[in-house]
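Each chain, letter by letter, is given below.
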Amino acid sequence: MFKGLNELTRLCYGRILILLLFCCASPSTLAAVVDDGDVEFAIFSLNNDLPPLSKNKARMLYRGKSKKISGSLKIILVDLPETSMHREDFYKMLLGKSVSQMNGYWAGLAFSGKGSPPEELDSDDIKQILKWLNDNPNGIAYAPIESVPEEVNILITVPQGE
């Protein structure tokens, strides 16, 4: 469609498309677009014995480079569904990777026998996450911080843009 157009024309078309999006979108869609930029995630557990995580340790866990905390405490990770927009945002913010990049990464680890991906939940509903954590005492999950209840053990927060 843009083949053969110069850079200025493509830039104008891009701006027109953005304007059309904002003019035609419903208010709730626009709110979701605007709010999405302010998402901050919490990596948390129901186990109060788990110590806080450094950002480096959180990255190691979610890359499969580490499976233990404090040297001997083996942990289990859970992941949101692949279709969850929160999963995409979380991996971009923590690891700088897309979901498809992480899927490829985990596939390589699984093929080589060096690791397996976190268990994937059916939905990103906080109730399902909490149920999974209740069934897995050494489990660690992530969710947008505004949906995380106060009684959980927040191990680290992952702010937007880090």
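Computed from a predicted structure; not experimentally measured.

Student: Quick question: what am I supposed to make of the pattern of salt bridges here?
Tutor: Where side chains of opposite charge bring their charged atoms close, a pairing between them can arise. Counted according to the given criterion, the structure contains three salt bridges. Across the salt bridge formed by glutamate 120 and arginine 87, the nearest N and O atoms sit 3.3 Å from each other. With a gap of 33 residues between them, glutamate 120 in strand β5 (residues 119-120) and arginine 87 in helix α4 (residues 85-95) connect regions that are remote in the sequence. With relative accessibility at 40%, the residue glutamate 120 sits in the partly exposed group. When salt bridges with common partners are traced through the structure, they connect Asp79, Arg87 and Glu120 into a single cluster.

Student: Hey, could you run me through the environment of asparagine 134 in this one?
Tutor: Relative to the assigned elements, asparagine 134 resides in helix α6 (residues 126-135). Separated by 88 residues in sequence, asparagine 134 and leucine 46 place their C-alpha atoms 6.9 Å apart.

Student: Can you help me understand the nonpolar core in this one?
Tutor: One broad trend across soluble globular proteins is that nonpolar side chains are buried collectively. Ranked by internal contacts, the top residues of the largest apolar core, which has 38 residues, are Ile43, Phe44, Tyr62, Phe90, Ile129 and Ile140. Counting only elements with at least two residues in this core, the list comes to β1 (41-45), α3 (55-62), β4 (76-79), α4, α5 (99-112), α6, β6 (139-144) and β7 (153-158). Broken down by element, the residue count for this core peaks at five residues, all from α4.

Student: Would you mind showing me how to read the sheet that holds β5 here?
Tutor: Think of a sheet as strands paired side by side through backbone hydrogen bonds, with each pair either parallel or antiparallel. Across the sheet, which stays open at both edges, the five strands sit in the order β5-β4-β6-β1-β7 with mixed pairing between neighbours. Strands at the two margins of the open sheet, each flanked by one partner only, are β5 and β7. Here β4 runs beside β6; their pairing, made up of two bridges, is parallel. Across the sheet, residue isoleucine 76 finds its bridge partner in β6, namely glycine 139. Where α4 meets the sheet, its contacts fall on β1, β4, β5, β6 and β7, and the angle it forms with β1 comes to roughly 95 degrees.

Student: Looking at this model, I keep getting lost on α4. Mind explaining?
Tutor: Of all 11 residues that make up α4, eight are buried, and the element is covered over most of its length. Those residues of α4 that sit buried are His86, Arg87, Asp89, Phe90, Tyr91, Met93, Leu94 and Leu95. With a side-chain oxygen positioned 3.1 Å from the backbone nitrogen of histidine 86, the residue opening α4 is serine 84. Once α4 ends, the next one or two residues include glycine 96, with phi positive near 70 degrees.

Student: Would you take a moment to explain the packing of α4 against α5 for this structure?
Tutor: Angle between the axes and distance between the axes are the two parameters that describe a pair of packed helices. For the pair α4 and α5, interaxial distance at closest approach is 9 Å and the crossing angle is 75 degrees. Overall, the two elements α4 and α5 adopt an arrangement that is roughly perpendicular. Note on element contacts: α5 touches α4 through Val99, Met102 and Asn103, opposite Arg87, Glu88, Tyr91 and Leu95.

Student: Can you walk me through the packing of aromatic side chains in this structure?
Tutor: Each aromatic ring pair is summarised here by two numbers: the centre-to-centre distance and the angle between the ring planes. Across all of its chains, the model carries nine aromatic pairs by this definition. Between tyrosine 62 and phenylalanine 90, the ring centres sit 5.1 Å apart and the planes meet at 70 degrees, which makes this aromatic pair edge-to-face. On the criterion of sequence distance, the pair formed by tyrosine 62 in helix α3 and phenylalanine 90 in helix α4 is long-range, its members being 28 residues apart. Here tyrosine 62 and phenylalanine 90 have matching classes, each one buried. Measuring from centroid to centroid gives 6.4 Å for tyrosine 62 and tyrosine 91, while their planes differ by 75 degrees, and the two rings are edge-to-face. Remark: tyrosine 91 occurs in helix α4 and tyrosine 62 occurs in helix α3; sequence separation between them is 29 residues. An identical accessibility class is assigned to tyrosine 62 and tyrosine 91; each is buried. Ring-pair connections join several aromatic residues into one group, and the members of that group are Phe41, Tyr62, Phe90, Tyr91 and Tyr142.

Conventions adopted
Residues numbered from 1 in each chain as written. Predicted model: local features only at pLDDT ≥ 70, side-chain atom pairs only at ≥ 80, totals over all residues. Heavy atoms only, no water. Salt bridge = Lys/Arg side-chain N within 4 Å of Asp/Glu carboxyl O. Helix = DSSP H or I, 4+ residues; strand = E, 2+ residues; numbered from the N terminus. Buried < 20%, exposed > 50% of the residue type's maximum accessible area, 1.4 Å probe, protein only. Core = buried A, V, L, I, M, F, W, Y, C linked by side-chain atoms within 4.5 Å. Pairing = 2+ DSSP bridges. Contact = heavy atoms within 4.5 Å. Axes fitted to C-alpha atoms, helices over the stretch in contact; angles between N-to-C directions. Polar contact = N/O pair within 3.5 Å; in protein donor to acceptor, adjacent residues only side chain to side chain. Parallel < 35°, antiparallel > 145°, perpendicular 65-115°, else oblique. Phe/Tyr/Trp six-rings, centres within 6.5 Å; stacked < 30°, edge-to-face > 60°.

From the geometry alone we can't say anything about function, so treat these as descriptive.
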